[in-house]
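# Secondary and tertiary structure notes
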Amino acid sequence: MSKKVYCIAQFLPKEGKLDALFSVLQSLEPNTMREDGCLQYTVTRQLQSSFAEGQSFPIAFNEIWADNTAFEAHCQREEIKQFFEQQCIAEDGLVDEWNVCIYTDEPSNFDAPKLS
């Protein structure tokens, strides 16, 4: 049974703030990569392509965590809480909208083996 948690955290910057927000988000990568449960934590920018014309916010973190406990511990780190308070919630922050979702790769009826 996979306990991995996959997170997509998308951000819509305020007008003219894309580069500044991308830079702030990049600054979160080094400390997060030091977390024991962090398997992947990469901030990305949307590219334009005629083969990928879906709707999305222009900046997205692609994250993989060892399990939900590791993800939730990450969310409670001071650096992460400060980012959301200062950049997402505060009136003068760089973020207009954000969307954070987590996923599993297990089907709902997965017959997981019982390991001891």
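Residues numbered from 1 in each chain as written. Predicted model: local features only at pLDDT ≥ 70, side-chain atom pairs only at ≥ 80, totals over all residues. Heavy atoms only, no water.

For the protein, the name recorded in an unreviewed UniProt entry is Antibiotic biosynthesis monooxygenase, with Aliivibrio sifiae as its organism.

With that settled, consider the overall build of the protein. Within the protein, the regular secondary structure consists of four helices and four strands. Along the protein, helices (α) and strands (β) appear in the sequence β-α-α-β-β-α-α-β when read from the amino end. Based on the C-alpha atoms only, the size of the protein along its principal axes is roughly 55 × 40 × 20 Å. Within the span of the protein, comprising 116 residues, buried residues form 30% of the whole. Looking at the protein alone, contacts between residues at least 24 apart form 72% of all its contacts between residues at least 6 apart. Summed over its atoms, the accessible surface of the protein is roughly 7800 Å², and 50% of this surface lies on carbon and sulfur atoms. A distance of 5 Å separates the average location of the 9 positive side-chain charges in the protein from that of its 19 negative side-chain charges. (Helix = DSSP H or I, 4+ residues; strand = E, 2+ residues; numbered from the N terminus. Buried < 20%, exposed > 50% of the residue type's maximum accessible area, 1.4 Å probe, protein only. Contact = heavy atoms within 4.5 Å. Areas by Shrake-Rupley, 256 points an atom, 1.4 Å probe, with all protein chains shown as cover. Lys, Arg positive; Asp, Glu negative; His and termini not counted. Charge placed at Lys NZ, Arg CZ, Asp CG, Glu CD.)

Let us look at the UniProt feature "domain: ABM" (unreviewed entry) in the protein. Here the UniProt-annotated "domain: ABM" (unreviewed entry) positions come out as residues 5–103. The straight-line gap between the two end C-alpha atoms of residues 5–103 is 6 Å; of that span, 34% is helix and 33% is strand. (UniProt positions renumbered as here; feature names shortened; annotations may be inferred.)

For the rest of this paragraph, the subject is the nonpolar core. Core analysis: the largest hydrophobic core is formed by 21 residues, its most contacted members being Phe 11, Leu 21, Leu 25, Trp 65 and Phe 83. Of all the elements in the fold, those that place two or more residues in this core are strand S1 (5–13), helix H1 (18–26), strand S2 (38–45), strand S3 (59–65), helix H3 (68–75) and helix H4 (78–89). Considering each element in turn, this core owes the most residues, four residues, to S1. Beyond its immediate sequence surroundings of up to four residues, Trp 65 is in contact with Lys 4, Val 5, Cys 7, Thr 32, Glu 35, Gly 37, Cys 38, Leu 39, Tyr 41, Ala 70, Phe 71 and His 74. (Core = buried A, V, L, I, M, F, W, Y, C linked by side-chain atoms within 4.5 Å.)

The next subject is the pattern of salt bridges. Tallying each qualifying case throughout the model produces four salt bridges. We note a salt bridge from Arg 45 to Asp 19, for which the minimum N-O separation is 2.9 Å. Of the two residues, Arg 45 is situated in strand S2 and Asp 19 in helix H1; the sequence distance between them amounts to 26 residues. Classification of Arg 45 by relative accessible area gives partly exposed; the value is 36%. Overall, the relative accessible area of 52% leaves Asp 19 in the exposed class. Between Arg 77 and Glu 79 there is a salt bridge, and its shortest N-O distance comes to 2.5 Å. Overall, the relative accessible area of 21% leaves Arg 77 in the partly exposed class. Given the relative accessible area of 24%, Glu 79 is considered partly exposed. Among the charged side chains, a salt-bridge network with shared partners connects Glu 35, Arg 77 and Glu 79. (Salt bridge = Lys/Arg side-chain N within 4 Å of Asp/Glu carboxyl O.)

The next thing to look at is the packing of aromatic side chains. In this description, an aromatic ring pair is defined by two values, namely the gap between the centres and the angle between the planes. Counted under the stated rule, the structure contains seven aromatic pairs. Directly above the ring of Phe 22 sits Arg 45, whose terminal nitrogen or CZ lies 4.9 Å from the centroid. (Phe/Tyr/Trp six-rings, centres within 6.5 Å; stacked < 30°, edge-to-face > 60°. Lys NZ or Arg CZ within 6 Å of the ring centre and 35° of its normal.)

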